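In case you want the letters, here they are:
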Amino acid sequence: EDGYRMWLRYDQVADSERLAQYRKHFTQLVVAGDSATLELAAAELTRGIEGLTGRPVARADKASRAGALIVGTPNTSSTIAALKMSKLTSLGQEGYLISSRRVNGKPATVIAANTEVGALYGAFALLRQLQTHADISNLELHSAPSVKHRVVNHWDNLNRLVERGYAGLSLWDWGTLPAYKDNPRYHDYARINASLGINGTVINNVNADARILTDQFLEKAAALADVFRPYGIKLYLSVKFNSPMLLDGFETADPLDPDVQKWWQERTKKVYDYIPDFGGFLVKANSEGQPGPQDFGRNHAEGANMLAEALEPFGGVVFWRAFVYAPEQGDRFREAYDEFMPLDGQFKDNVIVQIKNGPIDFQPREPFSPLFGSLKKTNIALELQVTQEYFGFSYHLAYQGPLFAEALNADTYAKGEGSTIGKILAGDIFEYQQTGMAAVINPGTDRNWTGHPFVQSSWYAFGRMAWDYRLGSETIADEWLRMTFSNDPALLQPLHEIMSISREAGVNYRSPLGLTHLYAQGHHYGPAPWHDKSGRPDWTAYYYHQATKDGIGFDRTQSGSNAIEQYHEPLTQRFANPDTTPEDLLLWFHHLSWRYEMDSGRSLWHELVHKYDTGVAQVQQMQNLWDSAKDYVDTERFEHVKALLKIQERDAIHWRDACISYFQSVNGLSLPKGSPKPAHELEYYKRMEKELYIPDPWYPVPGGH
Ligand code: BDP
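Rules behind the numbers
Residues numbered from 1 in each chain as written. Predicted model: local features only at pLDDT ≥ 70, side-chain atom pairs only at ≥ 80, totals over all residues. Helix = DSSP H or I, 4+ residues; strand = E, 2+ residues; numbered from the N terminus. Rg over C-alpha atoms; globule rule 2.2 N^0.38 Å. Buried ≥ 20, exposed ≤ 12 C-beta atoms within 10 Å, placed from the backbone. Contact = placed C-beta atoms within 7 Å. Pairing = 2+ DSSP bridges. Axes fitted to C-alpha atoms, helices over the stretch in contact; angles between N-to-C directions.

Re the overall build of the protein chain
Next, step 1: Of the regular secondary structure elements, the protein chain holds 21 helices and 16 strands.
Next, step 2: Relative to a compact globule of 705 residues, whose C-alpha radius of gyration would be 27 Å, the protein chain shows 26 Å and is just as compact.
Next, step 3: Each principal axis of the C-alpha atoms in the protein chain carries an extent, and together these give about 80 × 65 × 50 Å.
Next, step 4: Sorting the 705 residues of the protein chain into buried and exposed places 53% on the buried side.
Next, step 5: Here the analysis covers contacts within the protein chain between residues at least 6 apart in sequence; of these, 73% occur between residues at least 24 apart.

Section: the sheet that holds strand β11 (residues 317–321)
Next, step 1: Within the closed barrel, the eight strands sit side by side as β7-β8-β9-β10-β11-β12-β13-β14. Their pairing is parallel. Shown here is a sheet whose adjacent strand axes are inclined to one another by a mean of 25°, direction ignored.
Next, step 2: In this sheet, strand β10 (residues 280–283) lies alongside strand β9 (residues 234–238) in parallel orientation, the contact comprising three bridges. By the bridge assignment for β10, Y236 is matched with G280.

A word on unusual backbone geometry
Next, step 1: Between A326 and the following residue, P327, the backbone shows a cis peptide bond with an omega angle of -5°.
Next, step 2: Here P327 shows up in the loop between β11 and α10 (332–340).
Next, step 3: Backbone torsion omega between E569 and P570 reads 5°, so that peptide bond is classified as cis.
Next, step 4: Looking at the secondary structure, you find P570 in the loop between β15 (551–552) and α17 (571–576).
Next, step 5: If you check the backbone angles, F362 has positive phi at about 50° while not being a glycine.
Next, step 6: Relative to the elements of secondary structure, F362 occurs in the loop between β12 (351–356) and β13 (380–385).
Next, step 7: Not every positive phi belongs to a glycine, and Q546 is a case in point at roughly 50°.
Next, step 8: Along the polypeptide, Q546 turns up in the loop between α16 (541–545) and β15.

Some words on the pairing of strand β14 (residues 436–440)
Next, step 1: Within β14, five of the five residues are buried, which leaves it mostly tucked inside the rest of the structure.
Next, step 2: Here β14 shows a buried face lined by G436, A438 and V440 and a second buried face lined by M437 and A439.
Next, step 3: By the bridge criterion, five bridges tie strand β7 (residues 149–153) to β14 in an arrangement that is parallel. Within the sheet, the bridge partner assigned to V152 lies in β14 and is A439.
Next, step 4: One ladder, built from five bridges, connects β13 with β14; its direction is parallel. Residue pairing across strands places E383 opposite A438, the latter belonging to β14.

What follows is the structure, given as structure tokens:
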């Protein structure tokens, strides 16, 4: 059991009652129509049902026996058309319904949709029912996605190193493309995504290489697009804004220059010649050294609109990232908002501004980016991170479902209480033309795709939440565990507990009470709170914690950067006062005395130490819980995760001790009673920053930092 199959394992159902039910229900498979997508649905159901029930299921032209499974659309299947399922009208282009019916007088199960890809999603949804041991005797399920664009982002370079990728080389073997496009791995990759309803993939790094738009690479990308197409997945490319200069010797890439515009129009047409259903471009502009419209005296809207115009005739979109460090000022938190708000309403309808969940950068906990709820006339997408750049790479267990749910449930108050980011993305608050959810996933050639087996769960959670933002992270964890491990309650109970505390554990030993970005610069793995010199002040740890003898934290109230003014009321007021700021965000907004009294009655300093201690204890608790599941997990994955938890324990203690010794060197305060002293002096941890081996397989990359 090497994890390759992810959550699509389809091993025989262990519960004998359920097994008998499923066998009775699937005696025939009737998939009318002969499109590639319906064939994939049929193949998946054949494979899944055979695996789960231990019995092959025969294809038939029409339902003739009790227990037929009928799949299709009213157009492809006269049986489905005759059922006149009125519910279908509300399910859109991608929704599905699964219903227990009588067909030709005999009990049958029907998967129906308005489109073939909807039927494929329905096939995966039915298999999920079986994999999680649901009672399927009386099914009446229907579902449609809440967000139009559900997209994964790969940070893959053309040399196959993956920026912030911790699971091997890039999945895209450019050297053998396009000839070897039927590499089974590409198909399995597409199945994995389609099983969640993901409908787009950006295959290359946002720190883009201009060569991606040359014939050579377009031909390769087109081969991948051919593989992904029947799974309902569109291909997108990250492009470099000054491509006309790099590829064709232009002197400028000014978006208002007619020759530049023409270049992009022609190049875009070429892309569509290769990939007729190409999704569009993703752009990182004027950020971390990437070129952008500001290099030519133009703004983000002018840059994005030029590309949008080139894509418009073909129906493509531009995902334009809001991850910028300008206008430069004393607080990076404010910058994206200050940059983009004046442009609200100026972007074309096929531009979607893609915003990271928090204002800084995928930290273990961030308040939500105030652009959500504020950009009212600009299409938006939420960008999340599955790859664990700030969560211990592929060495730590940190299920991201709780973080994603926290972002989606964050209330912006844009139109009063209940204006959550989830609802905004679902189009319930503003009249957006289109919205999206994206996640940086960075799987690689590791046999299990993600390095740490539990990183798979965050990929799963992203996909499920992009489909339905209301699904809770616990529900999703439950599905994932049942599909990926087993339905045995003796396994589910401890693994649930592990998953539900894992993210908070990571917060506690790295970023307690709203501390942010105490990482060693560059690799983002280990601690370096002492770090105070760098090319940019906002790339130092000191910038974020501002610890002095008197206190700690970043003042973002009126007496400081006043970033809190970017939120709607009552949030601004709430964040203005430390007593009404949630304690887990406290130091994001306030610089407070070490003696500030917390809800627990402890001083801020003692609470901080308590959080560090809790983080370490939670990792140890995860170790015990994992050990208790030993008899219910296959040896291969058991031993792997056990070893990784050992590394995580080492690192959690390292984080705790390094941070505590450093802060003690600043505040001179003693530890609370019972809290263990760090094992070494501060100098040791400073040395470790340089000496401890940090696995960082991609850094430095040409064209990267
Ligand atoms: C940061 C990463 C960097 C990415 C950047 C981005 O450290 O490698 O290029 O985000 O999102 O988190 O563009």
